[in-house]
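Each chain, written out:
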Amino acid sequence: MTQNIFEQAIAAIVGGDVDKATEIARRGLKEGIDPLQLMTNGFIPGINEVGEQFGTGKLFIPGLVKSADAMEKATAIINEAIPQEQETVSGRIVVGTVEGDMHDIGKTIVVSLLRANGFEVLDLGRDISPARFIEEAEKFKADIIGSSTLLTTTMPVQKELEEELKKAGLKKKYKTIVGGAPVTRRWADRIGADAFAQDAGDGVKKVKQLLAI
Ligand code: B1M
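The rules behind the values
- Residues numbered from 1 in each chain as written.
- Predicted model: local features only at pLDDT ≥ 70, side-chain atom pairs only at ≥ 80, totals over all residues.
- Heavy atoms only, no water.
- Patch = residues over 30% accessible without salt bridge, like charges linked within 9 Å, V, L, I, M, F, W, Y side chains within 5 Å.
- Areas by Shrake-Rupley, 256 points an atom, 1.4 Å probe, with all protein chains shown as cover.
- Salt bridge = Lys/Arg side-chain N within 4 Å of Asp/Glu carboxyl O.
- Helix = DSSP H or I, 4+ residues; strand = E, 2+ residues; numbered from the N terminus.
- Buried < 20%, exposed > 50% of the residue type's maximum accessible area, 1.4 Å probe, protein only.
- Near = heavy atom within 4 Å.
- Polar contact = N/O pair within 3.5 Å; in protein donor to acceptor, adjacent residues only side chain to side chain.
- Contact = heavy atoms within 4.5 Å.
- Pairing = 2+ DSSP bridges.
- Right-handed = clockwise from strand over helix to strand, strands pointing away.
- Axes fitted to C-alpha atoms, helices over the stretch in contact; angles between N-to-C directions.
- Left-handed = near helix turned anticlockwise from the far one by under 90°.
- Nonpolar A, V, L, I, M, F, W, Y, C, P; charged D, E, K, R; others polar.

(A) How the structure looks around a nonpolar patch on the surface. Taken together, Phe 54, Ile 61 and Val 65 make up a surface patch of nonpolar side chains, about 270 Å² in accessible area. Along the polypeptide, Phe 54 turns up in helix α3 (residues 35-55). Residue Phe 54 is classed as partly exposed on the basis of its relative accessible area of 34%.

Set out below in structure tokens:
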């Protein structure tokens, strides 16, 4: 039964069917499936399959956009259903997708899970320059700056952020965490980021480690 709903979620995303994807998200939650399981076993494999088809020339921009739309809508429903930690923990984080990059589905899941774990998170959205990350972190009195990137061409913006922090003498003031499909532990080490997270759950774990919670 559960396996079946995961397969239906994959099919809805691959088919770019918004109505079906939102109906499956709501039905899955109503049936008591854990929101993150629904995401990890259904919707994410679906959008990964779309990425695969796009990357190998089997799917074109209009199809990618339709699938992305279905994924965004299903993600919004699932994010809202993530159980919230009642107590706020001390830790303020600004998160955004880097300049030049419009991908924000994964970043939004990370933000939701951090909030659900009691962290105070300022979601800057997408297309965020290093200067803006820093400006917002200062205003928000953040402890951590988190950046996401999905494009290999925009990965260098995460490096620029590290450089700008150093230039401004703020590298010690903020811990940094990087993520996104092409990002690796090795990349994080190379640019001098304090942490790398593979997925949203790992993001929460790494943020806790950075804050020594
Ligand atoms: Co685009 N796209 N896309 N796309 N897209 C990719 C990334 C691509 C790999 C597809 C492919 O070719 N196979 C490819 C990049 C190739 C490369 O860089 N080498 C690509 C391309 C080329 C493009 C365009 C250039 C296409 C074009 O216009 N010709 C264009 C770029 C626009 C721009 O940004 N300037 C484009 C556009 C789009 C859409 C707008 C249509 C849409 C995005 C919609 C949106 O985000 N609102 C889209 C989509 C959906 C994808 C794929 C198919 C799926 C991305 C996604 O949402 N994954 C993607 C292929 C793929 O990645 N498999 C692809 C699901 C999400 C849950 O995973 O984002 O990895 P992810 O997040 C994970 C982890 O990475 C981690 O946790 C998340 C949850 O588990 N994580 C963090 C992420 N951020 C984190 C931050 C953290 C910690 C963990 O701490 C701060």
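(B) Geometry of the site of the ligand. In the region of the ligand, 34 residues are neighbours, and Glu 72, Met 102, His 103, Asp 104 and Ser 148 sit closest. In the model, an oxygen atom of the ligand is placed 3.5 Å from a nitrogen or oxygen of the Asp 101 side chain. Note that a nitrogen atom of the ligand is positioned 2.7 Å from one of the side-chain N or O atoms of Ser 148. For the shell around the ligand, the secondary structure elements donating two or more residues are α3, α4 (61-80), α5 (105-116), β3 (144-148) and β4 (175-179). At 6 residues, the largest contribution of residues to the shell around the ligand is made by α3.

(C) Expanded view of the environment of Val 178. With respect to the element layout, Val 178 can be found in strand β4. Counting along the chain gives 20 residues from Val 178 to Gln 198, while the straight-line C-alpha distance between them is 9.1 Å. Look past the residues within four positions of Val 178 in its chain and what remains in contact with it is Ser 147, Gln 158, Val 183, Ala 188, Ile 191, Ala 193, Ala 195, Phe 196 and Ala 197.

(D) Structural detail: the pairing of β3. Of all 5 residues making up β3, 5 are buried, and the element is well covered by its neighbours. Of the two faces of β3, the one carrying Ile 144, Gly 146 and Ser 148 and the one carrying Ile 145 and Ser 147 are both buried. Direction of pairing for β3 relative to β4: parallel, over a ladder of 5 bridges. By the bridge assignment for β4, Ser 147 is matched with Val 178. On the question of chirality, the crossover connecting β3 to the parallel β4 by way of helix α7 (residues 155-167) is right-handed.

(E) Expanded view of the packing of helix α1 (residues 2-14) against α3. Orientation of α1 relative to α3, taken along the N-to-C sense of each, is 35°, at an axis distance of 8 Å. In this structure, α1 meets α3 at a crossing whose hand is right-handed. In this structure, α1 contributes Ile 5, Phe 6, Ala 9, Ile 10, Ile 13 and Val 14 to the contact, and α3 contributes Gln 37, Leu 38, Asn 41, Gly 42, Phe 43, Pro 45, Gly 46, Ile 47, Glu 49, Val 50 and Gln 53. Split by residue class, the contact of α1 with α3 holds 11 nonpolar, 5 polar and 1 charged.

(F) The arrangement of the pairing of strand β2 (residues 120-128) in detail. When strand β1 (residues 92-98) meets β2, the two strands line up parallel, connected through 6 bridges. Bridge pairing in β2 links Val 98 to Ile 128. As for the winding sense of the linkage, the β-α-β connection from β1 through α5 to β2 is right-handed.

(G) The sheet that holds strand β5 (residues 195-196), seen in detail. Strand order in this open sheet of 5 strands is β2-β1-β3-β4-β5, and the pairing throughout is parallel. The sheet is open, and its two edges are formed by β2 and β5, each paired on a single side. Across the sheet, α5 touches β1, β2 and β3, and the angle it forms with β2 is around 170°.

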